[in-house]
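# Structural description and commentary
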Amino acid sequence: MSKDIFVFAEQRSGAVQKVSLELIGEAARLAADLGEQVVAVLMGYQVADKAPLLCQYGAEKVLVVDHPVLEHYTTEPYVKAMEYIIRTYDPNVVLYGASSIGRDMAPRVAGRIHTGLTADCTRLDVDVEKYQAYLRRASQIPAERIDSLDKTDRNLKMTRPAFGGNVMATIICPEYRPQMATVRPGVMEMPERNPDAVGEIVMVDAGLSMEDRNVEILEVVRSGKKAVDITDAKILVSGGRGVGGPEGYEPLRELAAVLGGEVSSSRIGVDSGWIEKDRQVGQTGKTVHPDLYIACGISGAIQHLAGMESSECIIAINTDENCPMMKIADLGIVGDLKVIVPKLTEAIKAYRAEQRIG
Ligand SMILES: Cc1cc2nc3c(=O)[nH]c(=O)nc-3n(C[C@H](O)[C@H](O)[C@H](O)COP(=O)(O)OP(=O)(O)OC[C@H]3O[C@@H](n4cnc5c(N)ncnc54)[C@H](O)[C@@H]3O)c2cc1C
């Protein structure tokens, strides 16, 4: 019988990706509801030393597939190794980060194994009571329909935005195993690291050979520009159409600099070529949870809110006092951002200087 929650533990150049640790945390919550184990699947070349870290974040077992053909990610060997793992160990659930690697690999694995895959999930449940509590809180489904759900149902309920983010859809895969999902980075909570936790580490021979690759990587050239990770920022100063153009982000950069934060953007800024794609917040950008999110000239479309509404404190600066961003903001400043943002920067600088004098 299919059992246990498997997480594809993605590593790049030996560094385990944050999203995989978030998924191990989520897998632990699901596994507790099911009475099953969390198993991490680590693939690469000379990566076995990373397995204990996965146990410290909550994996009870780590299956390590270590082979030179897995040194750099290429589709065929990784998919072949995951297919071997699934056929050998028969997991109940397999979770992947919705990174470029997870998005490339998971659908192909689903095709080979002949099972379903739900992409870009924002919520996962097995326990019906927890799922009902979520529906009562977040949906307009009539109470009697929610109450009538079968409490013995142990299928994975995979919830994701659909129809341009206007509805949330919950998808199940009752006929096939494993149930598979990708989850975007930053969506699930990062678990606490327990440096004393240990788990079982199993080296797996997935029958790989150098002949398995159909693409040869001749050279890996790193981009000269350091990519920013806005998901790590504690403070984000975010700009939207209201900034008016690429130069409109400059005052936001100055404000972010005095606050020790980063600049991010709505999709409009990115689509208009005003700012880099890796700074986009929202459904098709990144999900962020900063302590402070300052939304400058962003109306608060549902697809944008999906990426930032769980920020600790939200300040909206907008000429429209009725825009949706104002409705979710902890503090709203109504006015022209071109006037307010530089004033805010000056006021913070002056306050800092005064504090130092005092
Ligand atoms: C499938 C799909 C996925 C999407 N994914 C994303 C996503 O990931 N992220 C995202 O952001 N969007 C996404 N969108 C787009 C989204 O629907 C909105 O179009 C977008 O978020 C609007 O960006 P905005 O708030 O910057 O612009 P607008 O909605 O045009 O709002 C501009 C705001 O600026 C204010 N303003 C104008 N001038 C000033 C000024 N001088 N001072 C102060 N305020 C001013 C206006 O009052 C207005 O509220 C997606 C859409 C679809 C269909």
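Residues numbered from 1 in each chain as written. Predicted model: local features only at pLDDT ≥ 70, side-chain atom pairs only at ≥ 80, totals over all residues. Heavy atoms only, no water.

Quick look at a nonpolar patch on the surface now. A cluster of nonpolar side chains, contributed by V215, I217 and V220, occupies part of the molecular surface with about 230 Å² of accessible area. Accessibility expressed as a relative area gives 46% for V220, which makes it partly exposed. (Patch = residues over 30% accessible without salt bridge, like charges linked within 9 Å, V, L, I, M, F, W, Y side chains within 5 Å. Areas by Shrake-Rupley, 256 points an atom, 1.4 Å probe, with all protein chains shown as cover. Salt bridge = Lys/Arg side-chain N within 4 Å of Asp/Glu carboxyl O. Buried < 20%, exposed > 50% of the residue type's maximum accessible area, 1.4 Å probe, protein only.)

Let us look at the domain arrangement of the chain. For the chain, the assigned domains read domain 1 (5-212) and domain 2 (230-357). For domain 1 and domain 2, the distance between their C-alpha centroids amounts to 32 Å. Each partner contributes to the interface: domain 1 provides 9 residues, whereas domain 2 provides 11 residues. Both sides together, the interface formed by domain 1 and domain 2 hides about 710 Å², and carbon and sulfur atoms give 31% of it. There are 1 salt bridge connecting domain 1 and domain 2. Among the salt bridges present, the one from K18 reaches D232, with a minimum N-O distance of 2.7 Å. Residues belonging to the side of domain 1 that touches domain 2 are distributed by class as follows: 3 nonpolar, 4 polar and 2 charged. (Domains from an automatic or database assignment. Contact = heavy atoms within 4.5 Å. Buried area = accessible area lost by both parts, 1.4 Å probe. Nonpolar A, V, L, I, M, F, W, Y, C, P; charged D, E, K, R; others polar.)

Here we come to the site of the ligand. Around the ligand, the structure places 26 residues, and the nearest of them are R241, S266, T284, S299 and N318. Contact between the ligand and R241: an oxygen atom at 2.6 Å from a side-chain N or O atom of the residue. Here a nitrogen atom of the ligand and a side-chain polar atom of T284 are 2.7 Å apart. Relative to its unbound accessible surface of 990 Å², the ligand loses 76% to contact with the protein. At the level of elements, α8 (267-271), α9 (302-305) and α11 (337-357) are the ones that each hand at least two residues to the shell around the ligand. (Near = heavy atom within 4 Å. Polar contact = N/O pair within 3.5 Å; in protein donor to acceptor, adjacent residues only side chain to side chain. Helix = DSSP H or I, 4+ residues; strand = E, 2+ residues; numbered from the N terminus.)

The next thing to look at is the nonpolar core. If you look at the biggest cluster of nonpolar residues, it comprises 35 residues, and the most contacted ones within it are I5, L42, L54, V62, L95 and L124. Residue assignment for this core shows that the elements contributing at least two residues are β1 (5-9), α1 (18-34), β4 (38-44), α2 (51-56), β5 (61-66), β6 (93-97) and β11 (179-183). Residue contributions to this core peak at 8 residues, all from α1. With sequence-adjacent residues up to four places away left out, L54 is seen in contact with A9, V16, L21, I24, A40, L42, A59 and V62. Listed in part, the 27 residues of the second largest apolar core include F6, Y78, I86 and L208. (Core = buried A, V, L, I, M, F, W, Y, C linked by side-chain atoms within 4.5 Å.)

This part takes up the pattern of salt bridges. A complete count under the given rule lists 20 salt bridges for this structure. A salt bridge links R136 to D147, with the shortest nitrogen-to-oxygen separation between them at 2.9 Å. Of this pair, R136 sits in helix α5 (residues 128-138) while D147 sits in helix α6 (residues 143-147), and the two are 11 residues apart along the sequence. Overall, R136 belongs to the partly exposed group, its relative accessible area being 47%.

With an omega of -5°, the peptide bond between R177 and P178 qualifies as cis. Structurally, P178 is set in the loop between β10 (167-171) and β11. The phi dihedral of D90 falls on the positive side, at around 50°, and the residue is not glycine. Note that D90 resides in the loop between α3 (75-89) and β6. Of note in the backbone geometry, H114 takes a positive phi value of approximately 65° without being a glycine.

Mapped onto the elements, Q132 comes out in helix α5. Overall, the relative accessible area of 2% leaves Q132 in the buried class. In terms of polar contacts, Q132 uses its side chain to reach the backbone carbonyl oxygen of I146, at 2.7 Å.

As a further point, take the sheet that holds strand β17 (residues 331-334). One open sheet accounts for 5 strands, arranged β14-β13-β15-β16-β17; its pairing is parallel. The two strands at the open ends of the sheet, each matched to only one other strand, are β14 (262-265) and β17. Each strand axis lies, on average, 20° off the axis of its neighbour in the sheet, ignoring direction. (Pairing = 2+ DSSP bridges. Axes fitted to C-alpha atoms, helices over the stretch in contact; angles between N-to-C directions.)

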